[in-house]
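Structural overview for review
Here's the letter readout for the chains.
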Amino acid sequence: MSDVPGAPADLLRSLTRAERLLSRRLGAVLADDGLSIEAWRVLCLLSDGQGHPMSEVSAEASLPPGTLTKLVDQLVDRNLVFRRIDPVDRRRIRAYLTARGRREHARLDERVRASLAELGVPHAADLASQLDDLIGRLDPARQREHADASGPHR
């Protein structure tokens, strides 16, 4: 730890520690249903109902493709997720929540939110927004997406 408050090492240490402790807390909530944090991330991503290419799910869940495939296989076996060929690009596979997966996600989301509410973190939405902004600044892919979305500069 640095002698200077707010040093970059302090930020990295704090973020790492917070992520580990939060994962442990939410992992305990999800363990009752036999789900991992990684499975929860997949369910959350798919909960928008849009279906997502496996490559995108892999990136968003921070899982290598082989590990994601095994995890999605388990979620398929539990009737929480299904896969379909992408209608636009038939070389790609998209993952979706099943009806049961949507119900389970909604039920688990309530339990996760209740667990987080017990922490009494003021302005949790603000913190999440600030972290997302930081991620966007650190992630070159998101920087390119933002530049593409804002159009050509004159």
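The rules we used
- Residues numbered from 1 in each chain as written.
- Predicted model: local features only at pLDDT ≥ 70, side-chain atom pairs only at ≥ 80, totals over all residues.
- Heavy atoms only, no water.
- Core = buried A, V, L, I, M, F, W, Y, C linked by side-chain atoms within 4.5 Å.
- Buried < 20%, exposed > 50% of the residue type's maximum accessible area, 1.4 Å probe, protein only.
- Helix = DSSP H or I, 4+ residues; strand = E, 2+ residues; numbered from the N terminus.
- Patch = residues over 30% accessible without salt bridge, like charges linked within 9 Å, V, L, I, M, F, W, Y side chains within 5 Å.
- Areas by Shrake-Rupley, 256 points an atom, 1.4 Å probe, with all protein chains shown as cover.
- Salt bridge = Lys/Arg side-chain N within 4 Å of Asp/Glu carboxyl O.
- Expected span 1.5 Å × (residues − 1).
- Arc of directions from axis to C-beta.
- Contact = heavy atoms within 4.5 Å.

**A short note on the nonpolar core**
In terms of nonpolar packing, the biggest core is built from 25 residues, with Leu35, Val42, Leu75 and Val81 touching the most fellow members. For this core, the secondary structure elements donating two or more residues are α1 (8-31), α2 (37-46), α3 (54-60), α4 (65-77), β3 (93-97) and α5 (99-119). It is α2 that provides the largest number of residues to this core, a total of 7 residues.

**Some remarks on a nonpolar patch on the surface**
On the surface, a nonpolar cluster with roughly 600 Å² of combined accessible area is contributed by Leu11, Leu15, Leu22, Leu116, Leu119, Val121, Leu127 and Leu131. Residue assignment for the nonpolar patch shows that the elements contributing at least two residues are α1, α5 and α6 (124-138). The greatest single-element share of the nonpolar patch, amounting to 3 residues, is contributed by α1. Turning to its location among the elements, leucine 11 is positioned in helix α1.

**Quick notes on α5**
For α5, with 21 residues, the first-to-last C-alpha span of 31 Å sits near the 30 Å given by 1.5 Å per residue. When we look at burial in α5, the residues that qualify are Gly101, Glu104, His105, Leu108, Asp109, Val112 and Ser115. All buried residues of α5 fall inside an arc of 140° around its axis, so they share one side. Among the exposed residues of α5, those oriented more than 90 degrees off its buried face are Arg103, Glu110, Arg113, Ala117 and Glu118. Elements that come into contact with the buried residues of α5 comprise α1, α2 and β3. At the exit of α5 stands glycine 120, carrying a positive phi of roughly 65°.

**Looking at the pattern of salt bridges**
If the charged atoms of two oppositely charged side chains come close together, the side chains can form a pair. Taken as a whole and assessed by the stated rule, the structure comprises 11 salt bridges. The partner of arginine 107 in a salt bridge is aspartate 33, with the nearest N and O atoms 2.5 Å apart. Remark: aspartate 33 occurs in the loop between α1 and α2 and arginine 107 occurs in helix α5; sequence separation between them is 74 residues. The residue arginine 107 makes a salt bridge to glutamate 104 at a minimum N-O spacing of 2.7 Å. Pair noted here: arginine 107 and glutamate 104 are both in helix α5, with a separation of 3 residues, about one helical turn. Connected through salt bridges with shared partners, the residues Asp32, Asp33, Glu104, Arg107 and Arg111 form a single ionic network.

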